[in-house]
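These are the residues of each chain, in order.
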Amino acid sequence: MAQAVPPRYKHWWLPDASSSYAGQIDDMFYLILWITLFVFFLVEGALIVFLWKYRYKNGRKAIYTHGNNTLEITWTAIPAVILVFLAVFSNSLWSEIRDPNKFPKNAPAIQIKPRQFEWDITYPGPDKKFGTADDIQTINQLFLVVNQPVQIKLEGQDVIHSFFVPEFRIKQDAVPGMPTAVWIKPIKEAQYEIACAELCGLGHYRMKGTVSIISQDSMDRWVKSQAPAPAAAPAINLTP
Ligand SMILES: [Cu+2]
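Bear in mind the structure is a predicted one, so any value in this text is a computation, not a measurement.

Student: Any details on the overall build of the chain? Residues and values, ideally.
Tutor: Each helix and strand in the chain was counted, giving 3 helices and 10 strands. The linear arrangement of helices and strands in the chain, starting from the amino end, is α-α-β-β-β-β-β-β-β-β-β-β-α. Expected size for 240 residues packed as a compact globule is a radius of gyration near 18 Å; at 27 Å, the chain overshoots this value by more than 25%. Across its three principal axes, the chain shows a C-alpha extent of roughly 125 × 40 × 35 Å. Counting only carbon and sulfur atoms, one obtains 64% of the accessible surface of the chain, whose full area is about 16000 Å². Counting 23 positive and 21 negative side-chain charges, the chain places the centres of these two groups 10 Å from one another.

Student: Can you tell me about the pattern of salt bridges, naming the residues and giving the values?
Tutor: This structure, assessed with the given rule, holds 5 salt bridges. Through salt bridges that share partners, R115, E118 and D120 make up one connected network.

Student: Which residues make up the domain arrangement of the chain, and what values do they have?
Tutor: It is common to give the size of an interface as the accessible area lost on bringing the parts into contact. In terms of domains, the chain is made up of domain 1 (7-56 + 65-101) and domain 2 (109-225). A straight line from the C-alpha centre of domain 1 to that of domain 2 covers 33 Å. Of the residues lining the interface, 17 residues belong to domain 1; the matching set on domain 2 comes to 15 residues. Taken together, the two surfaces of domain 1 and domain 2 that pack against each other cover about 1300 Å², and 46% of this comes from carbon and sulfur. Sorting the residues of domain 1 by area buried against domain 2 places S18, Y21 and R98 first, and these three jointly supply 45% of that buried surface.

Student: Give a detailed account of the coordination of the copper ion, specifying residues and quantitative values.
Tutor: Taken together, H161 (ND1), C196 (SG), C200 (SG) and M207 (SD) make up the full set of protein donors to the copper ion, lying 2.1 to 2.5 Å away. In this structure, the copper ion is surrounded by 4 donor atoms whose angles at the metal cover 95 to 122°, and the resulting shape is tetrahedral. Written as a sequence motif, the donor residues of the copper ion are H-x34-C-x3-C-x6-M. Taken together, the residues span a long stretch of sequence, with H161 in strand β6 (residues 161-165) and C200 in the loop between β9 (190-196) and β10 (208-214) at a distance of 39 residues.

Student: How would you sum up a nonpolar patch on the surface? Please name residues and give values.
Tutor: Together, W34, L37, F40 and F41 give the surface a local cluster of nonpolar side chains, amounting to about 460 Å² of exposed area. Take F40: it is sitting in helix α1 (residues 22-53). Take F40: its relative accessible area is 44%, and that puts it in the partly exposed class.

Student: Before we move on, could you go through the sheet that holds strand β2 (residues 118-123) and cite the residues and values that matter?
Tutor: If you walk across this open sheet you meet the 5 strands as β3-β2-β1-β5-β8, and the pairing is mixed. Edge positions in the sheet fall to β3 (136-139) and β8 (180-184), since each of these pairs with one other strand and no more. Strand-to-strand twist of the sheet, defined as the mean angle between neighbouring strand axes without regard to direction, takes the value 25°. As judged from the 4 bridges shared by strand β1 (residues 109-115) and strand β5 (residues 150-154), these two strands associate in the parallel manner. Bridge pairing in β5 places I110 opposite I152.

Student: Talk me through the packing of aromatic side chains; I want residue IDs and the actual numbers.
Tutor: If you walk through the whole model with that rule in mind, you get 11 aromatic pairs. Measuring from ring centre to ring centre gives 5.9 Å for W13 and F29, while their planes differ by 45°; the resulting arrangement is tilted. Here the residue W13 occupies a position in the segment before α1, and F29 occupies one in helix α1, the gap between them amounting to 16 residues. Among the residues examined, F29 registers a relative accessible area of 36% and is labelled partly exposed. The rings of W13, F29 and Y30 are connected pair by pair, giving a single aromatic cluster.

Student: Provide a residue-level description of the nonpolar core, including the pertinent values.
Tutor: Counting residues in each nonpolar core, the largest one holds 38 residues, and the members touching the most others are I112, Y123, L142, I152, F163, F168 and V211. Looking at this core, the element that brings in the most residues is strand β4 (residues 141-145), giving 4 residues. When sequence neighbours within four positions are dropped, the list of residues in contact with F168 reads S18, S19, Y21, A22, L144, I184, P186, Y192, V211 and I213.

Student: How would you summarise the packing of α1 against helix α2 (residues 69-98) if you had to cite specific residues and measurements?
Tutor: For the pair α1 and α2, interaxial distance at closest approach is 11 Å and the crossing angle is 165°. Judged on the interaxial angle alone, α2 and α1 are roughly antiparallel. Two packed elements cross with a definite hand, and for α1 against α2 that hand is left-handed. Touching Q24, I25, M28, L31, I32 and I35 of α1 are I82, F85, L86, F89, S90, L93, E96 and I97, all from α2.

Definitions and limits used
Residues numbered from 1 in each chain as written. Predicted model: local features only at pLDDT ≥ 70, side-chain atom pairs only at ≥ 80, totals over all residues. Heavy atoms only, no water. Helix = DSSP H or I, 4+ residues; strand = E, 2+ residues; numbered from the N terminus. Rg over C-alpha atoms; globule rule 2.2 N^0.38 Å. Areas by Shrake-Rupley, 256 points an atom, 1.4 Å probe, with all protein chains shown as cover. Lys, Arg positive; Asp, Glu negative; His and termini not counted. Charge placed at Lys NZ, Arg CZ, Asp CG, Glu CD. Salt bridge = Lys/Arg side-chain N within 4 Å of Asp/Glu carboxyl O. Domains from an automatic or database assignment. Contact = heavy atoms within 4.5 Å. Buried area = accessible area lost by both parts, 1.4 Å probe. Donors = N, O, S within 2.8 Å, 3.2 Å for Na, K, Ca; no water. Tetrahedral: all angles 85-135°; square planar, octahedral: opposite > 155°, others 65-115°. Patch = residues over 30% accessible without salt bridge, like charges linked within 9 Å, V, L, I, M, F, W, Y side chains within 5 Å. Buried < 20%, exposed > 50% of the residue type's maximum accessible area, 1.4 Å probe, protein only. Pairing = 2+ DSSP bridges. Axes fitted to C-alpha atoms, helices over the stretch in contact; angles between N-to-C directions. Phe/Tyr/Trp six-rings, centres within 6.5 Å; stacked < 30°, edge-to-face > 60°. Core = buried A, V, L, I, M, F, W, Y, C linked by side-chain atoms within 4.5 Å. Parallel < 35°, antiparallel > 145°, perpendicular 65-115°, else oblique. Left-handed = near helix turned anticlockwise from the far one by under 90°.

Structure representation (structure tokens):
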């Protein structure tokens, strides 16, 4: 079922913005892009103007200059102010998304332990605990519920891999021996690719998973279908 997505989450040149914080990350991306574009055209424009204005002319002598303090202070101070502003702005956004103390409360957890060259995914199952008999294991198949925040616990099994879903604007290294958590709140039912964003060996190119964002109902049905099969009932002989 397609869902209405706010226009700010749609782009003509970026992947869909499909997590709750994707829009904020894009806003920051655009802000930096506009600032750098402005400076780019300013500098390149000045270059072209000066090339033309000070081109070779018969009889014109070059002027020797020791520089201009006011100008130098200005073109150092302005970028410094912009840089500090961007650092403060991006840091507050970063901590809002990545600070474990600010993770959504009670978000269910899913474990993803990548290895060469697959994503080993474990759901805690109906009892919501890992390491129990009702855990559900999949390979390369991640199911998330739309509008439901979820915590993803990452840890590499062999070398460094990186969990990357561009549509969620999330990319996180999965390092062996270093459990790392991220959270995602998908905002739209869809299917995306999970890419490994860290060159992890010869099979890196085929280390591809799928994340399906589905409704709570479909999720419940799927969890039910994954329940361990009950032990076969003892055969009863009904013939007299
Ligand atoms: Cu990998």
